[in-house]
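Summary of structural features
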Amino acid sequence: MSALKDKLKADLTASMKSKDEVRLRTVRMALAAINVEEVAGKEARQLSDDEVIKVLTKEAKKRREAAEAFANAGRKEQSEAELAEQAVLEEYLPAQLSDEELAELVEAAVAETGAAGPQAMGQVMKAVNPKVAGRAEGGRVAAAVKARLAK
């Protein structure tokens, strides 16, 4: 079992004992999403830490989008609940790249691939994505690449 999944299980027990409702429901939801991913496909398998991080990233993104939708609909209480869950999930994720760090990685990938112009976006994305791996959202990376190639 991955170390991150072990930590989530330990935190589940701790949040039950401390009666931390937000953390309890968030960690339960995260473990459920991990279990669903483990049994998806032809055979059940154990997820690696990297795969667990991908699942948690996806869940955090869902919370951010739901919070935005609730806020736009004037449902402040539900929006705050989703943001609280997102904050708990982000504690388990690697630190996000700053805009400057992301720009440096994109610049290095452009130099590495020799890309020029917007039509080379796929090449640059292919080179940048493994370096970014869970530390920046895909849309943010794509925007940075597109801005760099537009120069």
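Everything here concerns the structure above.
The shown structure was predicted, so the numbers you read here are calculated from the model rather than taken from an experiment.

The rules we used
Residues numbered from 1 in each chain as written. Predicted model: local features only at pLDDT ≥ 70, side-chain atom pairs only at ≥ 80, totals over all residues. Heavy atoms only, no water. Helix = DSSP H or I, 4+ residues; strand = E, 2+ residues; numbered from the N terminus. Buried < 20%, exposed > 50% of the residue type's maximum accessible area, 1.4 Å probe, protein only. Expected span 1.5 Å × (residues − 1). Contact = heavy atoms within 4.5 Å. Axes fitted to C-alpha atoms, helices over the stretch in contact; angles between N-to-C directions. Parallel < 35°, antiparallel > 145°, perpendicular 65-115°, else oblique. Left-handed = near helix turned anticlockwise from the far one by under 90°. Nonpolar A, V, L, I, M, F, W, Y, C, P; charged D, E, K, R; others polar. Core = buried A, V, L, I, M, F, W, Y, C linked by side-chain atoms within 4.5 Å.

Both trends apply: most residues other than glycine have a negative phi, and most peptide bonds are in trans. Residue Lys19 is not a glycine yet carries a positive backbone phi of 60°. Assignment of secondary structure puts Lys19 in the loop between α1 (3-18) and α2 (21-39). Of the residues examined, Lys19 reaches a relative accessible area of 65% and is grouped as exposed.

So, on to helix α6 (residues 121-132). Its twelve residues place the ends of α6 16 Å apart at the C-alpha level, agreeing with the 16 Å of an ideal helix rising 1.5 Å per residue. When α6 is considered as a whole, its buried residues turn out to be Val124, Met125, Ala127, Val128 and Val132. Where the residues of α6 are buried, they touch α5 (99-113) and α7 (138-149).

The subject of this paragraph is the packing of helix α3 (residues 49-72) against helix α4 (residues 76-90). It is the contact of α3 with α4, at a shortest axis distance of 8 Å, that shows an interaxial angle of 160°. Between α3 and α4, the angle is such that the two are roughly antiparallel. Regarding α3 and α4, the two cross each other, and that crossing is left-handed. Only Gln78, Ser79, Glu82, Leu83, Glu85, Gln86, Leu89 and Glu90 of α4 make contact with α3, whose side of the interface consists of Leu56, Glu59, Ala60, Arg63, Arg64, Ala66, Ala67, Phe70 and Ala71. Looking at side-chain class alone, the contact of α3 with α4 contains eight nonpolar, three polar and six charged residues.

This part covers the nonpolar core. Leu8, Ile34, Leu56 and Tyr92 are the most contacted members of the largest nonpolar core, which has 20 residues in total. Elements that contribute at least two residues to this core include exactly α1, α2, α3 and α4. In terms of residue count, α2 provides more of this core than any other element does, seven residues in total. Leu56 has contacts with Leu4, Leu8, Ala30, Ile34, Leu89, Tyr92 and Leu93, leaving out every residue within four places of it along the chain.

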